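Fold and geometry: a report
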Amino acid sequence: MSTPTASHAPGATMGVEEEFHIVDLETGQLRASARALLDSRADVEPELHRTMIETGTEVHHSLDELRADLIARRARLVTAAEGLGLGVAASGTVPGSGASVARVFPKARYQWIHEEYQQLVAEQQVCACQVQVGVPDRDLAVRVARRVRGWLPTLLAMSASSPTFRGGDTGYASYRTVAISRWPTVGPPPDVRSAREYDRLIGSLVDTGVIKDAGMIYYDARPSARYPTVEIRIADGCPDLDDVVLLAGLSRALVATAAADEEAPEAPVELVRAATWRAARSGLEEDLVDPFASRAVPAGELVDALLEHVRPELSARGEWPTVRELADRLLARGTSAERQRELLAAGASDADLVADLVAVTAGRT
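Structural notes, computed from the coordinates. (Residues numbered from 1 in each chain as written. Predicted model: local features only at pLDDT ≥ 70, side-chain atom pairs only at ≥ 80, totals over all residues. Heavy atoms only, no water.)

1. Details of the overall build of the protein
Put simply, the test is: By the criteria applied, helices consist of DSSP H or I runs no shorter than four residues and strands consist of E runs no shorter than two, each listed in order from the N terminus. Radius of gyration here uses only the C-alpha atoms, and the compact-globule reference equals 2.2 Å multiplied by the residue count raised to the power 0.38. Relative accessibility decides the category of a residue: with a 1.4 Å probe and only protein chains considered, values under 20% of the type maximum give buried, values over 50% give exposed, and everything between is partly exposed. Two residues form a contact once any of their heavy atoms are found within 4.5 Å. For accessible areas, the Shrake-Rupley method is used with a probe of radius 1.4 Å. Any residue's cover is judged against the shown protein chains and nothing else. Counted as positive: Lys and Arg. Counted as negative: Asp and Glu. His and the chain ends are not counted at all. In this description, the location of a charge corresponds to atom NZ of lysine, CZ of arginine, CG of aspartate or CD of glutamate.
From N to C terminus, the protein includes 14 helices and 13 strands. Taking 365 residues into account, the globule formula puts the C-alpha radius of gyration at 21 Å, and the protein, at 19 Å, falls close to it. Seen along its three principal axes, the alpha-carbon backbone of the protein occupies a region of about 55 × 45 × 35 Å. For the protein, with 365 residues in total, the buried portion stands at 56%. Considering only intrachain contacts with a sequence separation of at least 6, the fraction spanning at least 24 residues in the protein is 76%. Summing over all exposed atoms, the protein offers an accessible surface of approximately 14,900 Å²; the carbon and sulfur share of this is 51%. Taking the 39 positively charged and 53 negatively charged side chains of the protein as two groups, their mean positions are separated by 4 Å.

2. Observations concerning helix H11 (residues 299-316)
Here is the rule we go by: Working rule for helices: expected span equals 1.5 Å times residues minus one.
Taking 1.5 Å of rise per residue, 18 residues should cover 26 Å, and H11 covers 26 Å from first to last C-alpha, within 8% of that figure. For H11, the elements touching its buried residues are helix H6 (152-159), helix H9 (241-260), strand E12 (288-290), strand E13 (295-297) and helix H12 (320-333). Gly-318 sits one or two positions beyond H11 and adopts a positive phi of about 75°.

3. Here we look at the side chain of Gln-132
Stated precisely, the cut-off is as follows: We call two N or O atoms a polar contact when they sit within 3.5 Å, provided that within protein one can donate a hydrogen and the other can accept it, with sequence-adjacent residues counted only if both atoms are side-chain atoms.
Tracing the backbone shows Gln-132 in strand E5 (residues 128-134). Side chain to side chain, Gln-132 and Thr-229 meet in a polar contact 2.4 Å long. Setting aside residues up to four positions removed in sequence, Gln-132 forms contacts with Thr-13, Met-14, Gly-15, Glu-17, Ser-224, Tyr-227, Thr-229, Val-230 and Glu-231.

4. Looking at the packing of aromatic side chains
What counts is decided by this rule: Aromatic rings from Phe, Tyr and Trp, with only the six-membered ring used for Trp, were paired whenever their centres fell within 6.5 Å, and each pair was classed as stacked if the ring planes differed by under 30 degrees, edge-to-face if by over 60, and tilted otherwise.
One pass over the structure, following the stated rule, counts six aromatic pairs. Each ring, one from Tyr-172 and one from Trp-277, has its centre 6.2 Å from the other, and the planes form 85°; the classification is edge-to-face. With a gap of 105 residues between them, Tyr-172 in the loop between strand E7 (168-169) and helix H7 (175-180) and Trp-277 in helix H10 (residues 269-282) connect regions that are remote in the sequence. A residue is classified by how much of its surface remains accessible, and Tyr-172, at 18% relative accessible area, is buried. Relative accessible area serves as the criterion here: at 42%, Trp-277 is assigned to the partly exposed category.

5. So, the packing of helix H5 (residues 138-147) against H9
Worth spelling out the cut-off: Axis definition: a line fit to C-alpha positions, over the contact stretch in the case of helices; interaxial angles, taken between N-to-C directions, run 0 to 180 degrees. Should an angle fall under 35 degrees it is taken as roughly parallel, and over 145 as roughly antiparallel, whereas 65 to 115 is taken as roughly perpendicular and any remaining angle as oblique. Less than a right angle of anticlockwise turn of the near helix away from the far helix marks a crossing as left-handed, whereas a clockwise turn marks it as right-handed. Three classes are used, and their members are as follows: Ala, Val, Leu, Ile, Met, Phe, Trp, Tyr, Cys and Pro are nonpolar, Asp, Glu, Lys and Arg are charged, and the others, Gly among them, are polar.
The interhelical angle for the contact between H5 and H9, taken along N-to-C directions, is 110°, at an axis separation of 9 Å. With respect to each other, H5 and H9 are oriented roughly perpendicular. The two elements H5 and H9 cross, and the hand of that crossing is right-handed. The residues of H9 that touch H5, namely those facing Leu-140, Val-144 and Arg-147, are Val-255, Ala-258 and Ala-259. The residue makeup of the contact of H5 with H9, split by class, is five nonpolar, no polar and one charged.

6. Focus on the pairing of strand E11 (residues 229-236)
In plain terms, the rule: Here the rule is simple: two strands pair whenever DSSP picks up at least two bridges between them.
Burial runs high along E11: eight of the eight residues are buried. Taken together, the six bridges between E5 and E11 define a ladder with antiparallel strand orientation. Within the sheet, the bridge partner assigned to Cys-129 lies in E11 and is Ala-235. As judged from the three bridges shared by strand E10 (residues 221-223) and E11, these two strands associate in the antiparallel manner.

7. Focus: empty space enclosed by the protein
Which entries qualify depends on this criterion: Only protein atoms enter the 1 Å grid used here, on which a cavity is any set of points holding a 1.4 Å probe that cannot leave and a pocket is any open set flanked by protein within 12 Å on both sides along at least five of seven lines; residues with an atom within 4 Å of a point are listed as lining. Grid points are joined across faces, edges and corners, and a volume is the space filled by probe spheres set on the points.
Using the criterion set out here, one finds three cavities of 30 Å³ or more in the structure. The wall of the largest cavity is formed by Leu-155, Met-158, Ser-159, Cys-238, Asp-243, Leu-246, Leu-247 and Leu-330. If you list the elements that add at least two residues to the lining of the largest cavity, you get H6 and H9. Across the lining of the largest cavity, the residue classes tally to six nonpolar, one polar and one charged.

8. So, the pattern of salt bridges
Basically, it comes down to this: Here, a salt bridge means any Lys or Arg side-chain nitrogen found within 4 Å of an Asp or Glu carboxyl oxygen.
Under the counting rule described, the total for this entry stands at 33 salt bridges. Across the salt bridge formed by Glu-286 and Arg-278, the nearest N and O atoms sit 3.6 Å from each other. What makes Arg-278 partly exposed here is its relative accessible area of 22%. A network of salt bridges, in which partner residues are shared, links Asp-43, Glu-58, Asp-69 and Arg-73.

9. Notes on the pairing of strand E3 (residues 52-56)
It is a general feature of regular strands that their side chains alternate between the two faces of the sheet. For E3, a buried count of four out of five residues is recorded, marking the element as mostly surrounded by other parts of the structure. Two strands pair when backbone bridges link them, and strand E1 (residues 14-24) and E3 are joined in this way by five bridges, in the antiparallel orientation. Bridged to Glu-19 within E3 is Glu-54. Once strand E2 (residues 45-46) ends, the chain turns through five residues before running back antiparallel as E3.

10. So, the packing of helix H13 (residues 336-345) against helix H14 (residues 350-361)
At a minimum axis distance of 10 Å, the contact between H13 and H14 shows a crossing angle of 145°. For the crossing formed where H13 meets H14, the hand is right-handed. Where H13 approaches H14, its residues Ser-336, Arg-339, Gln-340, Leu-343 and Leu-344 are matched on the opposing element by Asp-350, Leu-353, Asp-356, Leu-357 and Val-360. For the contact of H13 with H14, a count of residues per class yields five nonpolar, two polar and three charged.

Next up, the structure:
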């Protein structure tokens, strides 16, 4: 196989897809206004529910380019939403998630999913932040998805932003993770070693009728069904744009590091599942599970281990100072889940909490 050029080497490119809740600016309640935002020319795409909307960046080579794109897209979306008396919140959940009755977006595929999955769809009012990292070789993409799985729970802990659901505090930092865990094709990527094996597995799942197509594979990392990428899907939506940039930088570096190391140790699926649950339960506030060492470790220690694991790749791209600084800021201030609980403990109403999420998403606080 020929050596990839610099622009086509694994990890050379990245892009981000952000999902947003659509809320009423006055009440903080979810609003089924996706169609109005689509008509506003804000460069958005529909999501499963009419109370959600999605944006996607262009393909980028640097974090600075990516940041500028994210800022511009959020600004356009916020302006369009405010023109309709709406707000948008890039968080895993808002207090009304799972309790607001809203039809799915009128798209044949979404209608099929709703009819098949019933209550799971009703409770799927959750938003993620997904990073696409260029890996042109699909065989390599399958192997990379498997190699990075042990580090993904740490990314989840860093992005945790969904402590509320159905109007109450769930006790979880990322209840979004719990909500989606009941679907049949979620969790750590499977132990397959080639695109052929992967496609055979996905084909078998489609043949059973349990899923409609390859797009319904929701593994925490997967070869994209649409692009020549590995898609890192584990993170909650991130209200603070700095956390999106941090997530993208770490995801790209993880993929590039895994692509270059055929001998990298792989974490067992069972331990990765345990680590994912622990990250969803406590975010960065308690110990996390290191699935490589099979032990509990302080959250900050595991974040530092992740940073050191990908430091050579970040340094080679000149991104180490940026990513280290963003990670330090996150560790100092805590996750969005922590901020939300602090507001509620101080007496904030659900509407106040949503207003804060909208403000942070818009870059106003």
